[in-house]
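# Secondary and tertiary structure notes
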Amino acid sequence: MAAAASQMAALNASFAGAKVTAKAKKVSARVSARAVKPVRAALAAPADVSADTVMDCVNTVRFLAIDAINKSNSGHPGLPMGCAPMGYVIYREAMTHNPKNHTWFNRDRFVLSAGHGCMLQYSLMHLTGYPSVSNDDLKNFRQWDSVTPGHPENFITNGIEVTTGPLGMGICNAVGLALAEKHLAGRFNKPDCEIVDHYTYSIMGDGCNMEGMSGEGASLAAHWGLGKLIAFYDDNHISIDGHTDISFTEDVCARYEAYGWHVQHVEDGNTDIDAIRKAVDNAKADPRPSLIKVTTLIGYGSPNKNNTHDVHGAPLGADETAATRENLGWKYEPFEVPEDVATAMDCTAKGAEAEAAWNKKLDMYKEKYPEDFEELNSIITGELPAGWADALPDFTPEDSGVATRIHSQTMLNALGSAIPGFVGGSADLAPSNMTLMKQFGDFQKDTPAERNIRYGVREHGMGAIANGIALHSPGFKSYCATFFIFSDYMRSAMRIAALSGAPTLFVMTHDSIGVGEDGPTHQPIEHLASFRAMPGMLMMRPADGNETAGAYKIAIEQTDRPTTFALSRQVVPNLPGTSKEGVAMGAYVVAGPAAGEDVDCIIIGTGTELELAVNAAKELGAKARAVSMPCWELFEEQSDEYKESILPKSCKAIVSIEAGSTFGWAKYAHKSIGRDDFGASAPAGILYKEFGITTEAAVAAAKSLM
């Protein structure tokens, strides 16, 4: 055992200093000379807890992870073994949180961007007192109906802030959480009452830093001056393929310095707890977002698998676990938590005390600043102001027609005034997406109380940041915008929103071949079908002003699913028969025989093609029905009776018309008019005619079925 321990110590010492540039070493000693902000007390071990007990806490985290992954025969032990020291410092010493109330508003947030290492977080949550993760839950890691799934999932485990797994996503979520804190602090804090004051911590790995979206988020975090964002970079030099020097040799510290981050380097992240504490203290003293590069040994303690990709994504196994126990002098049985560790790690009393003190401050705030309290409380609780939906206007056919992106701008501005937590912006396309709230300025480093967010050309990072804002507090209604075609850049973030129940609003304009002259690179084809296929996503394609208002009303009402809007560039009329209420049903009759009445044929249209459907129904005669179908998902949620009244099975001549892929329409229509190939560069009207997306085509299709 002594020889093995000596070998481990030597390897640790040599590895800790490997591949560290002189510049990075200088960074490790640097503390910014910029203006220093007030900070919490310096980090230290809990009172009456010895250094040996602290290391026992660290090793308990390691072995809970090892044991759970062995039992499940699946998982990633390397990261928890290497990151246990920084995890201990974050959860036990740095974070202000109440394990017994995971929704307490002013808690510090933690995001494990390297989500595959989730046994680190589950172990820390169990030890610090979260009732959502019991010892038995650790033993049930990655099993059916478990609350400890293979990656952190906020909709499964209470105390998990966001769902992570796709690398780079989590750090962008953390940027969104930190933005939300800065915005609320700028808006509601008073000189005599700092009611919003919490940090966002994150651990990311080499893979997160390889993914481009992390760079998008990091660039924005520095631009916005998110000084309460502290990111730990687990610098362990290993990825699935092997050592990272086969593909990743850049100076990460220099990159973050160039972004404008405060950067430090802890050279021995395996055992130097004091260095990690000092780095956190330094980070809190600097007004910039902080990157703490922590060099670790992946699989620390494992004599034969440390510093290899073998320990990244596979259980240690019985023999190597026994060797690791011997190497670290761990005498306890699997899943056993030493009594002194259980006592030292418990944050229940500390958290309850912090929340009680904050609640007392909130009572004072409510008394002194009642109007501000009402707005803040709406954001904290998700209770929207009475009558908020009355701000959404109604339209008549006499109102001038405009593009639905213009109607969307009307709704955004109305909702911004009606809902305190309504915030958002565009990927450098606000003048085209029409997403600027004119009554507010820009959220920037020095104007954090404003509500227009300038994301720049960063769709992937934007989507994940917007999700982080949406998940910060129930009353945030977070929107982000780009051209529908560029949803391709942010699809992963949109999918995670749907999976994790983030009620983000994805405002997508220029929704079809109607984009026209910009050509096929900018003309969505398969996009509507792809988002309709995505579980948990509401895909809205409104046809006019009333439907746009109805779509926004539904989106705001969502608490656990996102909404994507497909909005037109081209002008559309305000049609007779459209309504907000109809949108809520997903599909409804806008012309011809009413729901439940006999019909000869039905023409279904969405968005800009609803006008074509209405015109076709008129030409087909009195028993032809025009149906608007702005949202398939909502239609599927209606009763069988309602669905039958709109699209009766007895009708054998149902035609759909939509300027996009016809994929999926066979569920509702006997014939579908659309475009199943790429578009072209030409004026929109010519494209519609050349591609056969016309009233005449709809009429001919219906007649062919009757």
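Located above this text is the structure these notes cover.
Predicted, not measured: the structure shown is a model, and the values here were computed from it. (Residues numbered from 1 in each chain as written. Predicted model: local features only at pLDDT ≥ 70, side-chain atom pairs only at ≥ 80, totals over all residues. Heavy atoms only, no water.)

## What to know about the overall build of the protein
- Scanning the protein for helices and strands turns up 27 helices and 21 strands.
- For the protein, buried positions account for 62% of its 706 residues.
- Considering only contacts within the protein whose residues lie at least 6 apart along the sequence, 78% involve residues at least 24 apart.
- Surface accessibility of the protein: about 25300 Å² in total, with carbon and sulfur atoms responsible for 52%.
- Taking the average location of the 60 positive side-chain charges in the protein and that of its 85 negative ones, the two points are 3 Å from each other. (Helix = DSSP H or I, 4+ residues; strand = E, 2+ residues; numbered from the N terminus. Buried < 20%, exposed > 50% of the residue type's maximum accessible area, 1.4 Å probe, protein only. Contact = heavy atoms within 4.5 Å. Areas by Shrake-Rupley, 256 points an atom, 1.4 Å probe, with all protein chains shown as cover. Lys, Arg positive; Asp, Glu negative; His and termini not counted. Charge placed at Lys NZ, Arg CZ, Asp CG, Glu CD.)

## What about the pattern of salt bridges?
- Evaluated as defined, the whole model comprises 24 salt bridges.
- With a shortest N-O distance of 2.7 Å, E93 and R277 are connected by a salt bridge. Here E93 is found in helix α4 (residues 78-94), whereas its partner R277 is found in helix α11 (residues 273-284), with 184 residues between them in sequence.
- Overall, the relative accessible area of 9% leaves E93 in the buried class.
- Between R532 and E658 there is a salt bridge, with the nearest N and O atoms lying 2.7 Å from each other. Here R532 is found in helix α20 (residues 527-532), whereas its partner E658 is found in the loop between β20 (654-657) and β21 (671-673), with 126 residues between them in sequence. Per residue, the accessibility class of R532 equals that of E658, and both read buried.
- Within the structure, one salt-bridge network assembled from shared partners comprises E636, D640, K643 and K667. (Salt bridge = Lys/Arg side-chain N within 4 Å of Asp/Glu carboxyl O.)

## Some words on the packing of helix α18 (residues 459-472) against helix α19 (residues 487-500)
- At their nearest, the axes of α18 and α19 sit 6 Å apart, and the two run at 20° to each other. One way to sum up the angle between α18 and α19 is to call them roughly parallel. Handedness of the α18/α19 crossing: right-handed. Touching E459, H460, M462, G463, A464, N467 and L471 of α18 are Y489, M490, S492, A493, A497 and S500, all from α19. (Axes fitted to C-alpha atoms, helices over the stretch in contact; angles between N-to-C directions. Parallel < 35°, antiparallel > 145°, perpendicular 65-115°, else oblique. Left-handed = near helix turned anticlockwise from the far one by under 90°.)

## Some thoughts on the packing of aromatic side chains
- This structure, assessed with the given rule, holds 22 aromatic pairs.
- Ring geometry for F63 against W330: centres 5.5 Å apart, planes inclined by 5°, an arrangement best described as stacked. Linking F63 in helix α3 (residues 51-72) with W330 in the loop between α12 (318-328) and α13 (339-345), this pair joins segments that are 267 residues apart in sequence. Note on accessibility: F63 and W330 belong to one class, buried.
- Chaining the aromatic ring pairs together yields one cluster made of W632, F635, Y642, W665 and Y668. (Phe/Tyr/Trp six-rings, centres within 6.5 Å; stacked < 30°, edge-to-face > 60°.)

## Remarks on the pairing of strand β6 (residues 262-266)
- β6 sits mainly inside the fold: five of its five residues count as buried.
- Residue alternation in β6 divides its side chains into two sets, H262, Q264 and V266 and V263 and H265, and both sets are buried.
- The sheet contact formed by β6 and strand β7 (residues 290-295) spans five bridges and is parallel. In the sheet register, V266 faces β7, and the bridge partner there is V294. (Pairing = 2+ DSSP bridges.)

## Brief notes about helix α7 (residues 169-188)
- Across its 20 residues, α7 extends 29 Å between first and last C-alpha, which sits within 8% of the 28 Å expected from 1.5 Å per residue.
- With 19 of its 20 residues buried, α7 lies for the most part within the structure. (Expected span 1.5 Å × (residues − 1).)

## Here we look at the nonpolar core
- Counting 74 residues, the largest nonpolar core has I195, W224, L226, W261, L291 and Y455 as its most contacted members.
- For this core, the element with the highest residue contribution is α7, accounting for twelve residues.
- Ignoring anything within four residues of it in the chain, the contact list for L291 reads M204, A231, Y233, V252, Y256, W261, H262, V263 and Q264. (Core = buried A, V, L, I, M, F, W, Y, C linked by side-chain atoms within 4.5 Å.)

## Describing the sheet that holds strand β1 (residues 109-112)
- With parallel pairing, five strands are arranged side by side in an open sheet as β1-β2-β3-β7-β6. Two strands close off the open sheet at either side, each with one partner strand: β1 and β6. Ignoring which end each strand starts from, the neighbouring axes of this sheet average 15° apart.

## Examining the pairing of strand β15 (residues 563-567)
- Among the five residues in β15, five count as buried, and that is most of the element.
- Alternating positions in β15 separate into two faces, T563, F565 and L567 on one and T564 and A566 on the other, with burial throughout.
- Pairing geometry for strand β14 (residues 538-540) and β15, over three bridges, is parallel. Residue M539 lies in a different strand from β15, and its bridge partner there is T564.

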